[in-house]
Amino acid sequence: MGALADLCTLARGGVVLLLLLRVGEGLEALGQVVRLLLLGWSLDVLDGMLARASRRPTRLAAWDYPLDAGLAWAGFAYLLGAGLVPLGLGLSWMVLALTLLLRYPNKSLSMLLQVPATFAPFLFAATFAPEAFHAALIWALLALLLDGRRFLGVVREFLAGFS
């Protein structure tokens, strides 16, 4: 099980690279970007399930959260390159996030700062790639129905990081 979890982790790294290859492409790539993000988040869910089933840390466990952040920021980089997010605003947010994280290294702070980067591609898809947005909406609902307790656990971990 651990080896399968690690394969999912590696595959997420590949998804991050594919997303970064979309930077500079226009609005027409938004649907593909959203689908790649859904693939990445699906691999994250599967990776977690397999890692928990193995009952011991996997070799690539330390890469789990950095790849989560990589998915979020790679999607955001696409939005910047496509001109959907103004370059000055996007770069300012990224510099602010990096500055705060260097000063206050904390996973919960990192999660908070990447919220706009995580959700922005989906919000733009609601207008510019509605089919991809609907797929994302169905994905989110299914994820909550199938593994809602895990989601609540992540929220608790996030909140605990601020106390």
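Just above, that's the structure.
Residues numbered from 1 in each chain as written. Predicted model: local features only at pLDDT ≥ 70, side-chain atom pairs only at ≥ 80, totals over all residues. Heavy atoms only, no water.

Colleague: Help me out: how do you make sense of the layout of surface pockets in this one?
Modeller: Here the idea is plain: a probe the size of a water molecule rolls over the atoms and shows the empty space left. Considering only enclosed or pocket space, the largest pocket measures out at about 1600 Å³ in volume. What lines the largest pocket is a set of 40 residues, and nearest its centre among them are Trp-41, Asp-44, Trp-139, Phe-151 and Val-154. Of all the secondary-structure elements, those providing two or more residues to the lining of the largest pocket are helix H2 (30-54), helix H3 (64-82), helix H5 (107-113), helix H6 (115-128) and helix H7 (130-160). Counting residues per element, the lining of the largest pocket draws most heavily on H7, which supplies 16 residues. Among the residues making up the lining of the largest pocket, the classes are represented as 26 nonpolar, five polar and nine charged. (1 Å grid on protein atoms, 1.4 Å probe; cavity = no way out; pocket = protein on both sides within 12 Å on 5 of 7 lines; lining within 4 Å. Points joined across faces, edges and corners; volume = space filled by probe spheres on them. Helix = DSSP H or I, 4+ residues; strand = E, 2+ residues; numbered from the N terminus. Nonpolar A, V, L, I, M, F, W, Y, C, P; charged D, E, K, R; others polar.)

Colleague: Would you mind showing me how to read the packing of aromatic side chains here?
Modeller: What describes a pair of aromatic rings is the distance from one ring centre to the other and the angle between the planes of the rings. Applying the stated criterion to the full structure yields two aromatic pairs. Ring geometry for Phe-124 and Phe-128: centres 6.5 Å apart, planes at 20°, overall stacked. Taken as a pair, Phe-124 and Phe-128 lie in helix H6 at a separation of four residues, close to a single helical turn. By relative accessible area, Phe-124 is classed as partly exposed at 23%. For Phe-128, a relative accessible area of 42% translates into the label partly exposed. (Phe/Tyr/Trp six-rings, centres within 6.5 Å; stacked < 30°, edge-to-face > 60°. Buried < 20%, exposed > 50% of the residue type's maximum accessible area, 1.4 Å probe, protein only.)

Colleague: Even after reading the chapter, I still don't get the side chain of Arg-12, so can you show me in this structure?
Modeller: Structurally, Arg-12 can be placed in helix H1 (residues 2-22). Polar side-chain contacts of Arg-12 include one of 2.4 Å to the side chain of Asp-68. (Polar contact = N/O pair within 3.5 Å; in protein donor to acceptor, adjacent residues only side chain to side chain.)

Colleague: Help me understand the packing of H3 against helix H4 (residues 87-103), please; the structure alone is not making it clear to me.
Modeller: How two helices pack is summed up by the angle between their axes together with the distance between the axes. Between H3 and H4, whose axes approach to 9 Å, the crossing angle comes to 155°. Taken together, the axes of H3 and H4 lie roughly antiparallel to each other. For the pair H3 and H4, the sense of crossing is left-handed. Residues Trp-73, Phe-76 and Leu-80 of H3 touch H4, and the partners they reach there are Leu-87, Gly-90, Leu-91, Trp-93, Met-94 and Ala-97. Residues that form the contact of H3 with H4 fall into these classes: eight nonpolar, one polar and no charged. (Axes fitted to C-alpha atoms, helices over the stretch in contact; angles between N-to-C directions. Parallel < 35°, antiparallel > 145°, perpendicular 65-115°, else oblique. Left-handed = near helix turned anticlockwise from the far one by under 90°. Contact = heavy atoms within 4.5 Å.)

Colleague: Sorry, what's going on with a nonpolar patch on the surface here?
Modeller: A surface patch of nonpolar side chains, amounting to about 490 Å² of accessible area, comprises Leu-112, Val-115, Phe-119, Leu-123 and Phe-162. Here the nonpolar patch gets three residues from one element, more than from any other, and that element is H6. As for its position among the elements, Leu-112 is in helix H5. Owing to a relative accessible area of 41%, Leu-112 belongs among the partly exposed residues under this scheme. (Patch = residues over 30% accessible without salt bridge, like charges linked within 9 Å, V, L, I, M, F, W, Y side chains within 5 Å. Areas by Shrake-Rupley, 256 points an atom, 1.4 Å probe, with all protein chains shown as cover. Salt bridge = Lys/Arg side-chain N within 4 Å of Asp/Glu carboxyl O.)

Colleague: Would you mind going over the nonpolar core with me for this structure?
Modeller: Nonpolar side chains in soluble globular proteins tend to be buried together. Counting 32 residues, the largest nonpolar core has Leu-19, Leu-30, Val-34 and Leu-79 as its most contacted members. Broken down by element, the residue count for this core peaks at nine residues, all from H2. Here Val-34 is in contact with Pro-121, Phe-122, Ala-125, Ala-132 and Ala-136, once residues within four sequence places are set aside. (Core = buried A, V, L, I, M, F, W, Y, C linked by side-chain atoms within 4.5 Å.)

Colleague: Explain the pattern of salt bridges to me, please; I cannot follow it from the model alone.
Modeller: Between side chains of opposite charge, a pair can form as their charged atoms come close. If you walk through the whole model with that rule in mind, you get six salt bridges. The partner of Arg-12 in a salt bridge is Asp-68, with the nearest N and O atoms 2.4 Å apart. Of the two residues, Arg-12 sits in helix H1 while Asp-68 sits in helix H3, which places them 56 residues apart along the sequence. By relative accessible area, Arg-12 is classed as buried at 0%. Look at Asp-68 and you get buried, because its relative accessible area is 10%. Residues Glu-25 and Arg-22 are paired through a salt bridge, measuring 3.5 Å at the closest nitrogen-oxygen approach. Exposure remark for Glu-25: the relative accessible area of 28% places this residue in the partly exposed category. Residue classification places Arg-22 among the partly exposed residues on the basis of a relative accessible area of 23%.

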